[in-house]
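Summary of structural features
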Amino acid sequence: TQLLEQSPQFLSIQEGENLTVYCNSSSVFSSLQWYRQEPGEGPVLLVTVVTGGEVKKLKRLTFQFGDARKDSSLHITAAQPGDTGLYLCAGVNEKLTFGTGTRLTIIP
Amino acid sequence: DTEVTQTPKHLVMGMTNKKSLKCEQHMGHRAMYWYKQKAKKPPELMFVYSYEKLSINESVPSRFSPECPNSSLLNLHLHALQPEDSALYLCASSQDWQGGYGYTFGSGTRLTVV
């Protein structure tokens, strides 16, 4: 079984602050994806990282894939209320395995 | 068209009912998936179809029966469900079964079994 543990499980911060979410596993993945899910909706793909050590930036979001392709992080700069949601990492091998999730709330 | 469409959006069914969930995509994706998501939990994989053939069944009870009539459609037939089967059922598709380009999810069907 390929487990992906995310931390923290819950995070509530003020608008404008920075935050980092971590995704850790003992398994190696061919790639890793990050999704955001809002209540009553399906997850929406944010990014796919493929190469160990890869860093991708999407506006205020920075994603990093660990050198050993077992872990990843998501850093948000100057968080906004629109960033509120459930953030899910997902490891790709023969199937997609979701992490345990981080529920983020940005307080205006 | 870059969407996965699921119907119905909400479904309430009794434990003796038979119902079906439907999923449709027109992105030319060759892999389609059913996931189950309980409240405050991540989605859990149920079934994978690749090129219209069932390739993964994650030991799902037989009261859930998937069907892939063609490359654009995926159904999930439900029969004799239990209250603990109440959940959000998500359909997804990807370019191929390896999913390396990412999955596109539908909005889900919120199922309540009474």
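Computed from a predicted model, the values in this text were never measured in an experiment. (Residues numbered from 1 in each chain as written. Chains lettered and ligands numbered in written order. Predicted model: local features only at pLDDT ≥ 70, side-chain atom pairs only at ≥ 80, totals over all residues. Heavy atoms only, no water.)

**Quick notes on the packing of aromatic side chains**
The geometry of an aromatic ring pair is captured by the separation of the ring centres together with the interplanar angle, meaning the angle of the planes. Under the criterion given, the structure shown has 10 aromatic pairs over all chains. For the ring pair Phe 98 of chain A and Tyr 35 of chain B, a centre distance of 5.6 Å and an interplane angle of 80° mean the geometry is edge-to-face. Of this pair, Phe 98 of chain A sits in strand β10 (residues 96-98) while Tyr 35 of chain B sits in strand β4 (residues 31-37), placing the two residues on different chains. Phe 98 of chain A gets classed as buried once you look at its relative accessible area, which sits at 8%. By relative accessible area, which is 0% here, Tyr 35 of chain B ends up buried. Among the aromatic residues, ring-to-ring pairing joins Tyr 35 and Phe 98 of chain A together with Tyr 33, Tyr 35, Tyr 103 and Phe 105 of chain B into one connected group. (Phe/Tyr/Trp six-rings, centres within 6.5 Å; stacked < 30°, edge-to-face > 60°. Helix = DSSP H or I, 4+ residues; strand = E, 2+ residues; numbered from the N terminus. Buried < 20%, exposed > 50% of the residue type's maximum accessible area, 1.4 Å probe, protein only.)

**A word on the confidence of the model for chain A**
Taken as a whole, chain A shows an average pLDDT of 94; of its residues, 98% reach a score of 70 or greater. Per-element averaging of pLDDT across chain A places β10 of chain A at the bottom with 90 and strand β3 (residues 19-24) of chain A at the top with 98. (pLDDT = per-residue confidence, 0-100.)

**Examining the state of the cysteines**
Per the stated rule, a full pass over the model turns up 2 disulfides over all chains. Paired through a disulfide, Cys 23 of chain A and Cys 89 of chain A show a sulfur-sulfur distance of 2.0 Å. Its S-S torsion of approximately 75° makes the covalent link between Cys 23 of chain A and Cys 89 of chain A right-handed. Within this pair, whereas Cys 23 of chain A is found in strand β3, its partner Cys 89 of chain A is found in strand β9 (residues 85-92), the two being separated by 66 residues in sequence. Each sulfur of the disulfide joining Cys 23 of chain B and Cys 91 of chain B lies 1.9 Å from the other. A torsion of -70° about the S-S bond marks the disulfide between Cys 23 of chain B and Cys 91 of chain B as left-handed. Of this pair, Cys 23 of chain B sits in strand β3 (residues 18-25) while Cys 91 of chain B is found in strand β9 (residues 87-94), placing the two residues 68 residues apart along the sequence. With a relative accessible area of 1%, Cys 23 of chain B lands in the buried category. Here Cys 68 of chain B is not cross-linked by a disulfide; its sulfur's nearest cysteine counterpart is in Cys 91 of chain B, at 9.2 Å. A relative accessible area of 14% places Cys 68 of chain B in the buried class. (Disulfide = S-S within 2.5 Å.)

**Some thoughts on the pattern of salt bridges**
All names here are of chain B. Under the counting rule described, the total for this entry stands at 6 salt bridges over all chains. Where Arg 63 meets Asp 85, a salt bridge forms, and the shortest distance between an N and an O atom there is 2.7 Å. One end of the pair, Arg 63, is in the loop between β6 (53-57) and β7 (64-70); the other, Asp 85, is in the loop between β8 (73-79) and β9, with 22 residues separating them in the sequence. Each of Lys 36, Arg 63 and Asp 85 takes part in one network of salt bridges that share partners. (Salt bridge = Lys/Arg side-chain N within 4 Å of Asp/Glu carboxyl O.)

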